[in-house]
Structures are given as C-alpha cells and as structure tokens.
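Observations on chain architecture
These are the residues of each chain, in order.
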Amino acid sequence: MTKKKRPGPIKEFLEKFFDLCKGYQQETPPHKMAEILRDYADRLD
C-alpha cells in the first residue's frame, strides 16, 4: 500500500496563494498586483 505524500508547506502555500490571485485577476491588473507584492516584500525586510 502506498501513502500519498503531502505537499510541503511552501508548495501548499504557493498553491493557495496562486488560487487567491486567480480570483482577483479579473478585477486587478497584473502590474497592480506586482506593486502590492513588492510593497509587502519591503515590509518583510
């Protein structure tokens, strides 16, 4: 019997993150999403 391997935490996070982004793609231009992500990355530093 083989066990299904659970995705790692980073892979799982990215899948959820990309699903979330897909939902907002219709309303938010890609350049605006990129700007928001850059601002967020700056805050993490």
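Everything in this summary refers to the structure shown in the same document. (Residues numbered from 1 in each chain as written. Predicted model: local features only at pLDDT ≥ 70, side-chain atom pairs only at ≥ 80, totals over all residues. Heavy atoms only, no water.)

A few words on the overall build of the chain. Broken down by element type, the chain carries two helices and zero strands. Viewed in the frame of its principal axes, the chain has a C-alpha envelope of about 45 × 30 × 10 Å. Of the roughly 4800 Å² of accessible surface on the chain, 60% is carried by carbon and sulfur atoms. For the chain, the distance from the average site of its 10 positive side-chain charges to the average site of its 8 negative ones is 11 Å. (Helix = DSSP H or I, 4+ residues; strand = E, 2+ residues; numbered from the N terminus. Areas by Shrake-Rupley, 256 points an atom, 1.4 Å probe, with all protein chains shown as cover. Lys, Arg positive; Asp, Glu negative; His and termini not counted. Charge placed at Lys NZ, Arg CZ, Asp CG, Glu CD.)

To continue, consider the pattern of salt bridges. Pairs may arise between side chains of opposite charge once their charged atoms sit close together. Within this structure, the stated rule accounts for three salt bridges. With a shortest N-O distance of 3.6 Å, Glu12 and Lys16 are connected by a salt bridge. Within this pair, Glu12 and its partner Lys16 are both found in helix α1 (residues 9-24), separated by four residues, close to a single helical turn. Note on Glu12: relative accessible area 23%, which makes it partly exposed. (Salt bridge = Lys/Arg side-chain N within 4 Å of Asp/Glu carboxyl O. Buried < 20%, exposed > 50% of the residue type's maximum accessible area, 1.4 Å probe, protein only.)

In the structure shown here, the tally under the stated rule is two aromatic pairs. Ring centres 6.0 Å apart and planes at 15° place the aromatic pair Phe13 and Phe17 in the stacked group. Of the two residues, Phe13 and Phe17 both sit in helix α1, four residues apart, roughly one turn of that helix. Phe17 gets classed as partly exposed once you look at its relative accessible area, which sits at 24%. Each member of the aromatic cluster is reached from another via a ring pair, and the members are Phe13, Phe17 and Phe18. (Phe/Tyr/Trp six-rings, centres within 6.5 Å; stacked < 30°, edge-to-face > 60°.)

Looking now at a nonpolar patch on the surface. Taken together, the side chains of Ile10, Phe13, Leu14 and Phe18 define a hydrophobic patch exposed on the protein surface, amounting to about 440 Å² of accessible area. Relative to the helices and strands, Phe18 resides in helix α1. Here Phe18 falls in the partly exposed class, since its relative accessible area comes to 47%. (Patch = residues over 30% accessible without salt bridge, like charges linked within 9 Å, V, L, I, M, F, W, Y side chains within 5 Å.)

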